[in-house]
Amino acid sequence: MNETMIKINNLSKEYKMFANKKDRLVEAMFPTKIKKHSTFKALDGLNLEIKKGEVVGILGKNGAGKSTLLKIVTGVVIPTNGEISINGKVSSLLELGAAFNPDLTGLENIYQHGQVMGLSNERIEEKKQEIIDFADIGDHLYQPVKTYSSGMFARLAFACAINVEPDILIVDEVLSVGDMAFQLKCFKKFEQFKKEGKTILFVSHSVGDILKNCTRAIILEQGKKIYDGDIKDGVEKYKKIMVGIADDETSEEKEEENTTSIVSSSEENLDDWKHNFVQNPNITEYGDKRAEVIDYGMFDLKNRPINAFDNNDEIILKSKIKFNQDVSDPIFTMTVKDFQGTTLAGTNTDIEKVLTGDYKKGDIVVVEFKQKIPLTAGKYTLSFSCTKYNLQGELEVLNRKYDALLIDVITTKNAVGIIRLNSNISIKKFSKN
């Protein structure tokens, strides 16, 4: 497993940037005399060595150079400077179906793709049925690809790319295509490649997928490698980068006994939080607006905004409420839902037996829920609200913001269902005499 599969030395890729088409034309006409372009460095002096059997997760903001690196590894893009050596056959899941001819049938494209990948006709014949079974598009296989739906096209393209027995697999945000049954096949094939010791380069914005699948993390920023090492530490660094937190930032952790705390406006920085998070553009809001949820967010124990968290970590959910009228004994709430709208977990100050008190018009309150949320890895939404009971015991909604934030739960431990269980398991064997 110490065999080097990919070695990159001082690799750079530059692109010319023109302000308009006229400047591009003028420079093309007088290339030695007139310079009208600026230079964008997609990759800048990158050094990298990847061994056989490593599953490397490549992280970075949009424009960091991730896709450029993968395209150079696959031979689609030629570097400006530097050297790259590849040891073995590369299969790419970057641009599915890029080698397909839309006028050929699906079956004909299987042969064409195999030839492009360097397979002999005999080997294509051996792999053909496996590809057909994996794609599972029925009689559409014998129709021109240009008649396919986007889903059928993706299924056939993925099946061709994944079934050519590569030494190195390149995956860029396309591991899950098609319906749920086909996605399951994709992930099973991916797991098979890992067990076979294939070398995999994996790009994803989902830190949960990176944590689950990879053995090593690389972070790119402005074309440079800024981190290369342990997967969990790499994900933590990436999450800080995404919310603009430097590694050396520190703050004292607050140790609190209560699940919920309420802070007055004079004790809390009232800067906007929402801009730090992935907000839902289709938020659902209603209520009589006697009080209004004006801000909300999710934070780690050092009070740093986070968009993702490990389901074994304690976090803080905050909401900021402004009172437009005098209100007594309001109830402050938080709820976690899945993307199908099912409520999975939640609590409020009434359930937690926290006395909230009286508020005057113009008051602002910050409510903190400090807790673990042991859901299995996936994407969820957070909701916040302010309600109260009237004198008749009826619940009144002052303001609800449902599905306000989109969050990502990650894990280092797989689970069954939707709840992570931390079980202590003992096994006793009784030998038969």
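What counts as what
- Residues numbered from 1 in each chain as written.
- Predicted model: local features only at pLDDT ≥ 70, side-chain atom pairs only at ≥ 80, totals over all residues.
- Heavy atoms only, no water.
- Axes fitted to C-alpha atoms, helices over the stretch in contact; angles between N-to-C directions.
- Helix = DSSP H or I, 4+ residues; strand = E, 2+ residues; numbered from the N terminus.
- Left-handed = near helix turned anticlockwise from the far one by under 90°.
- Contact = heavy atoms within 4.5 Å.
- Nonpolar A, V, L, I, M, F, W, Y, C, P; charged D, E, K, R; others polar.
- Phe/Tyr/Trp six-rings, centres within 6.5 Å; stacked < 30°, edge-to-face > 60°.
- Buried < 20%, exposed > 50% of the residue type's maximum accessible area, 1.4 Å probe, protein only.
- Lys NZ or Arg CZ within 6 Å of the ring centre and 35° of its normal.
- Parallel < 35°, antiparallel > 145°, perpendicular 65-115°, else oblique.

*Asks:* Quick one: what's the story with the packing of helix H4 (residues 121-135) against helix H5 (residues 150-162), residue by residue and with numbers?
*Replies:* Where H4 contacts H5, the two axes come as close as 8 Å, and the packing angle between them is 140°. Considering the relative orientation of H4 and H5, their crossing is right-handed. Taken together, the residues of H5 that come into contact with H4 (itself represented by Ile 131, Phe 134 and Ala 135) are Arg 155, Leu 156, Phe 158, Ala 159, Cys 160 and Ile 162. Looking at the contact of H4 with H5, its residues break down into eight nonpolar, no polar and one charged.

*Asks:* Describe the packing of aromatic side chains, naming the residues involved and giving the relevant values.
*Replies:* Considering all chains together, one arrives at eight aromatic pairs under this definition. Ring centres 5.7 Å apart and planes at 80° place the aromatic pair Phe 277 and Phe 299 in the edge-to-face group. Of the two residues, Phe 277 is situated in the loop between strand E10 (260-264) and strand E11 (278-279) and Phe 299 in strand E13 (residues 291-299); the sequence distance between them amounts to 22 residues. Between Phe 332 and Tyr 359, the ring centres sit 6.3 Å apart and the planes meet at 80°, which makes this aromatic pair edge-to-face. Here Phe 332 is found in strand E17 (residues 331-337), whereas its partner Tyr 359 is found in strand E19 (residues 358-359), with 27 residues between them in sequence. Take Phe 332 and Tyr 359: they sit in the same class, and that class is buried. By the ring-pair criterion, three or more aromatic residues cluster together here, those being Trp 273, Phe 277 and Phe 299. For the cation-ring pair, Lys 318 lies above Phe 299, with the distance from its terminal atom to the ring centre recorded as 4.7 Å. The residue whose ring lies beneath Lys 320 is Trp 273, and the NZ or CZ to ring-centre distance is 4.3 Å.

*Asks:* I'd like a description of the packing of helix H3 (residues 106-116) against H4, backed by residues and values.
*Replies:* At a minimum axis distance of 10 Å, the contact between H3 and H4 shows a crossing angle of 130°. Comparing their axes, H4 and H3 come out oblique. Seen from above, H3 lies across H4 with right-handed handedness. Between H3 and H4, the residues in contact are Leu 107, Ile 110, Tyr 111, Gly 114 and Gln 115 and Asn 121, Ile 124, Glu 125, Lys 128, Ile 131 and Ile 132, respectively. Of the residues that constitute the contact of H3 with H4, the class distribution is six nonpolar, three polar and two charged.

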